Amino acid sequence: MANGIETRPYIVGPVTYLLLSKASDDAPAGFAPLSRLEDVLPVYVQLLEKLAAAGASWIQFDEPALVVDQDTPAAEIEAAVARAYEVLSGAAKRPQILVSTPYGALDGQLGTLAATNIDALHIDAFKGAVPSAAALAGLGNKTLVAGVVDGHNIWRNDLAVSAGKLDELKAAAGRIAVSTSTSAQHVPHDVTEETQLSGELRSWLAFADQKAVEVRILADYVADPASAKAAIDEASAVIAARATAAGVHREDVRARTGALTGADFSRSAYEVREAAQEEALHLPPLPTTTIGSFPQTSEIRSARARNNRGDLTNEQYEQLMKDEIKRVVDLQEELGYDVLVHGEPERNDMVQYFAENLEGVDVTVHGWVQSYGSRCTRPSILWGDVTRSAPITVKWAEYAQSLTNKPMKGMLTGPVTILAWSFVRDDQPLGETANQVGLALRDEIADLEAAGIKIIQVDEPALRELLPLRKADHSAYLKWSVDSFRLATAGVADATQIHTHLCYSEFGVIIDAIDGLDADVTSIEAARSRMEVVHDLESHGFGRGVGPGVYDIHSPRVPGEQEVTELLATAVKHVPSRQLWVNPDCGLKTRGYAETEESLRNLVKATRTVRAGLLEAAK
Ligand code: GLN
Ligand code: ZN
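Let me sum up the structure you'll find in this document. Computed from a prediction, not measured in an experiment: that's the story for all the values here.

Overview of the overall build of the protein
Next up, step 1: Along the backbone of the protein there are 22 helices and 16 strands.
Next up, step 2: The C-alpha radius of gyration computed for the protein amounts to 27 Å, which stays within 12% of the reference 25 Å derived for 619 residues, consistent with globular compactness.
Next up, step 3: C-alpha atoms of the protein, sized along the principal axes, occupy 80 × 60 × 50 Å.
Next up, step 4: By the burial criterion, 52% of the 619 residues in the protein qualify as buried.
Next up, step 5: When the accessible surface of the protein is split by element, carbon and sulfur atoms take 52% of a total near 26700 Å².
Next up, step 6: Between the mean site of the 58 positive side-chain charges and the mean site of the 86 negative ones, the protein shows a separation of 2 Å.

In structure tokens form, the structure reads like this:
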């Protein structure tokens, strides 16, 4: 304001704030945070009054929880929405109120919000359908802010389609404003900076700066349709060109996905595989392993930066990575691990590394977006039909295996996670794209197997993350996501052991899907919740190998031997010991060597204690 720029403060709305809150550990059983609405509202009212006094003319309340199916009954949420915005709009002195509902269709709650005295309502008209004329009529004089430009992905807007939606909305609602469907925090700034991308690919994309222009054009369209004609025609021409561009639709890829049959998605019965793997691997009870990455030291990072700048030749860089792999293998040998990893030093990021090595995917240089908190990520752009033109990880795995007689795990990122952490093409169902990635990984797995790698881990930490917001969409998602993993992994021999790894998850919700992956061994995050997941595994009757994490790698804290022994003892009580593996919660790339070594040492000591106890009990 002081600089003459009018801004609109925004804050999470009271209903979403409470719906997404967790009850504290000492709350009475059945306590629902939403029941505290009356305590929270006066604080919001105070805020409104302070903002009004400070000169704000608008405030935005974000209510994304209203587009997600909640466990709380819809009628209760409706009552809370009605009450909250009755109180807030009744504040004695307040800015105008905009309620924003991004990420999906608002459905029933639109009517509830329309009946309150707020001043404007933002809907996601990109992901959500255009609401019915009757629902829109209920808005009366309120401004409808139509989010017709996708705030969540980077494709150039089909302005003709958006204009059509705006025509419908304008016919039914009183006042219309135009915006993106979500805040622009999910997309990078400016596509013109990505000069290393082909001009063709760049012409298909819109980052935040380009989206702002699209919103402006569409707002002009609402005022005067003729003013936007040239821009709309140009967008249509670019989108038509994209549909027929080389690499977007490849006959060789389509022929392969089109010819898939049920057999491509399934392996032999687990009992058969289990016996073959026992014979091939000879692992002790409670085998110890890690999730894949070892600390990415500043030496590794600087070697990669120097190689990118051309200050290190590829040969020099590869030699440094090999030295690092040897150090990691020797360390695991010394610590007494049973199944080793190569440590992933050559990978900048678990998705970007594969994106750089697959056809149909490109990476950006400046395309940073917030991942969570202060963490940022640079998603890849999956724009075309995906293929693998050459082996990606095989030479590293082969080298690592040559250094040890213990089994070396091959390490891959799964199809769902590659999709979840990239900007994915919007011109075909996600399941089709996932199968293409699945086939590329299947080829990689076949090559790893042929190179003598007996255990292959396919990470799917993002399996839960892509779960749709509406329950009605869950089963279709779980079907294609699980299928793509199975497609990637089902081509191996019975004796080859497939592992998967998941984290960031409330596993209860997706335990059927985890089971459906049909991996021989699944490692999951569990240390922070002190093994809560073993109860889900037990009640589900999970029957294959499982490694609930016993070392929380999210902090530099070293878990003591006693602590790990206790966690393992809990696991053994709920999961048959022949299924149990011992491993950290996740990869070690963000950790330093000092704490990693000490922690990994404690894991082995604790495992030996628990193994001895099991032997004793068996006598
Ligand atoms: N294999 C990966 C690693 O260890 C898995 C990372 C993840 O789950 N996010 O780094
Ligand atoms: Zn993980």
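What to know about the side chain of His342
Next up, step 1: Within the secondary structure, His342 sits in the loop between α13 (314–335) and α14 (352–355).
Next up, step 2: Overall, His342 belongs to the buried group, its relative accessible area being 4%.
Next up, step 3: Engagement of the side chain of His342 in a polar contact is seen with the side chain of Glu346, the distance being 3.0 Å.
Next up, step 4: If we ignore the near neighbours within four places in the chain, the residues touching His342 are Ile325, Val328, Arg347, Trp396, Ala400 and Met408.

Considerations on the coordination of the zinc ion (ligand 2)
Next up, step 1: Donor atoms from the polypeptide that bind the zinc ion (ligand 2) are His501 (NE2), Cys503 (SG) and Cys586 (SG), placed at 2.0 to 2.3 Å.
Next up, step 2: Its four donor atoms give the zinc ion (ligand 2) angles of 92 to 123° at the centre, a pattern that matches the tetrahedral case.
Next up, step 3: Counting the intervening residues between successive donors of the zinc ion (ligand 2) yields the motif H-x1-C-x82-C. Note on accessibility: His501 and Cys503 belong to one class, buried.

What to know about the packing of α13 against helix α22 (residues 593–618)
Next up, step 1: Running from N to C, α13 and α22 cross one another at 35°; their axes reach a closest spacing of 10 Å. For the crossing formed where α13 meets α22, the hand is right-handed. Of α22, the residues touching α13 (which contributes Glu324, Arg327, Val328, Leu331, Glu334 and Leu335) are Tyr593, Glu597, Leu600, Arg601, Val604 and Arg608.
Next up, step 2: Looking at side-chain class alone, the contact of α13 with α22 contains six nonpolar, no polar and six charged residues.

Considerations on helix α12 (residues 298–309)
Next up, step 1: Counted at 1.5 Å a residue, the expected span for α12 with its 12 residues is 16 Å, and the 16 Å between its end C-alpha atoms agrees.
Next up, step 2: Considered for burial, the residues of α12 that qualify are Ile300, Ala303, Arg304 and Asn307. Considered in projection along α12, the buried side chains sweep an arc of 95° and stay on one side of the axis. Looking at α12, the residues exposed on the side facing more than 90 degrees away from the buried face are Ser298 and Arg309.

Topic: the environment of Gly310
Next up, step 1: Locating Gly310 in the fold gives a position in the loop between α12 and α13.
Next up, step 2: When the C-alpha atoms of Gly310 and Arg608 are compared, they prove to be 47 Å apart, with 298 residues separating the residues in sequence.

Here we look at helix α19 (residues 507–516)
Next up, step 1: Every buried residue of α19 is listed here: Phe507, Ile510, Ile511, Ala513, Ile514 and Gly516.
Next up, step 2: Structurally, α19 contributes buried residues whose contacts are with α18 (474–489), β14 (497–502), β15 (521–524) and α20 (533–540).
Next up, step 3: At the C-terminal side of α19, Asp518 shows a positive phi close to 60°.

Quick look at the site of ligand 1
Next up, step 1: Taken together, 14 residues lie near ligand 1, and Ser293, Glu344, Asp459, Gly587 and Lys589 sit nearest.
Next up, step 2: Class assignment of the residues belonging to the shell around ligand 1 gives a composition of seven nonpolar, four polar and three charged.

As for the pairing of strand β5 (residues 143–149)
Next up, step 1: Buried residues dominate β5, accounting for seven of its seven residues.
Next up, step 2: Summarising the sheet, β5 and strand β6 (residues 175–180) pair through six bridges and their orientation is parallel. Directly across from Gly147, in β6, lies its bridge partner Ser179.

Thoughts on the pairing of strand β16 (residues 545–548)
Next up, step 1: Of the two faces of β16, the one lined by Gly545 and Gly547 and the one lined by Val546 and Pro548 are each fully buried.
Next up, step 2: The β-α-β motif built from β15, the intervening α20 and the parallel element β16 has right-handed crossover chirality.

What about the side chain of Gln457?
Next up, step 1: With respect to the helices and strands, Gln457 occurs in strand β13 (residues 455–459).
Next up, step 2: Only 2.7 Å separates the side chain of Gln457 from the side chain of Asp459, close enough to count as a polar contact.

Things to note about the sheet that holds strand β10 (residues 380–387)
Next up, step 1: One open sheet accounts for three strands, arranged β7-β10-β12; its pairing is mixed. Where the open sheet ends on each side, the last strands, each with one partner, are β7 (359–362) and β12 (422–424). Within this sheet the neighbouring strands show an average axis-to-axis angle of 30°, counted without direction.
Next up, step 2: Contacts between helix α17 (residues 430–450) and the sheet are confined to β10 and β12, with β10 contributing the most and set at about 70° to the helix.

A closer look at the packing of α20 against helix α21 (residues 561–574)
Next up, step 1: At their nearest, the axes of α20 and α21 sit 9 Å apart, and the two run at 15° to each other. With respect to α21, the axis of α20 lies roughly parallel. Handedness of the crossing formed by α20 with α21: right-handed. Judged by residue contacts, Val534, His535 and Glu538 of α20 engage Ala571, Lys573 and His574 from α21.
Next up, step 2: Considering only residue class, the contact of α20 with α21 consists of two nonpolar, two polar and two charged.

Things to note about the packing of aromatic side chains
Next up, step 1: Per the stated rule, a full pass over the model turns up five aromatic pairs.
Next up, step 2: Ring centres of Tyr477 and Trp480 lie 5.2 Å apart, and the angle between their planes is 90°; this geometry places the pair in the edge-to-face category. Of this pair, Tyr477 and Trp480 both sit in helix α18, three residues apart, which is roughly one turn of that helix. The pair formed by Tyr477 and Trp480 is uniform in burial state, with each residue classed as buried.
Next up, step 3: Members of the aromatic cluster, each reached through a chain of ring pairs, are Tyr44, Phe61 and Tyr85.
Next up, step 4: Directly above the aromatic system of Trp155 lies the positively charged group of Arg242, at a separation of 3.9 Å from the ring centroid.
Next up, step 5: A cation over a ring is seen here: Lys322 above Tyr399, with NZ or CZ 5.0 Å from the ring centre.

Focus on the pattern of salt bridges
Next up, step 1: According to the stated counting rule, one finds 40 salt bridges in the structure shown.
Next up, step 2: Across the pair Asp220 and Arg216 runs a salt bridge whose closest N-O atoms are separated by 2.8 Å. Placement of the pair is Asp220 and Arg216 together in helix α8 (residues 208–223), with a separation of four residues, close to one helical turn.
Next up, step 3: Overall, Asp220 belongs to the partly exposed group, its relative accessible area being 31%.
Next up, step 4: Asp426 is the salt-bridge partner of Arg242, the closest N and O atoms lying 2.8 Å from each other. A residue pair is termed long-range when its members are at least 10 positions apart, and Arg242 in helix α9 (residues 229–243) and Asp426 in the loop between β12 and α17 qualify at 184 residues.
Next up, step 5: Beyond isolated ion pairs, a larger network of salt bridges with shared partners links Arg242, Arg254, Asp385, Arg425, Asp426, Asp427 and Glu432.

Thresholds applied
- Residues numbered from 1 in each chain as written.
- Chains lettered and ligands numbered in written order.
- Predicted model: local features only at pLDDT ≥ 70, side-chain atom pairs only at ≥ 80, totals over all residues.
- Heavy atoms only, no water.
- Helix = DSSP H or I, 4+ residues; strand = E, 2+ residues; numbered from the N terminus.
- Rg over C-alpha atoms; globule rule 2.2 N^0.38 Å.
- Buried < 20%, exposed > 50% of the residue type's maximum accessible area, 1.4 Å probe, protein only.
- Areas by Shrake-Rupley, 256 points an atom, 1.4 Å probe, with all protein chains shown as cover.
- Lys, Arg positive; Asp, Glu negative; His and termini not counted.
- Charge placed at Lys NZ, Arg CZ, Asp CG, Glu CD.
- Polar contact = N/O pair within 3.5 Å; in protein donor to acceptor, adjacent residues only side chain to side chain.
- Contact = heavy atoms within 4.5 Å.
- Donors = N, O, S within 2.8 Å, 3.2 Å for Na, K, Ca; no water.
- Tetrahedral: all angles 85-135°; square planar, octahedral: opposite > 155°, others 65-115°.
- Axes fitted to C-alpha atoms, helices over the stretch in contact; angles between N-to-C directions.
- Left-handed = near helix turned anticlockwise from the far one by under 90°.
- Nonpolar A, V, L, I, M, F, W, Y, C, P; charged D, E, K, R; others polar.
- Expected span 1.5 Å × (residues − 1).
- Arc of directions from axis to C-beta.
- Near = heavy atom within 4 Å.
- Pairing = 2+ DSSP bridges.
- Right-handed = clockwise from strand over helix to strand, strands pointing away.
- Parallel < 35°, antiparallel > 145°, perpendicular 65-115°, else oblique.
- Phe/Tyr/Trp six-rings, centres within 6.5 Å; stacked < 30°, edge-to-face > 60°.
- Lys NZ or Arg CZ within 6 Å of the ring centre and 35° of its normal.
- Salt bridge = Lys/Arg side-chain N within 4 Å of Asp/Glu carboxyl O.

Keep in mind that these numbers describe shape and distance, not what the molecule does.
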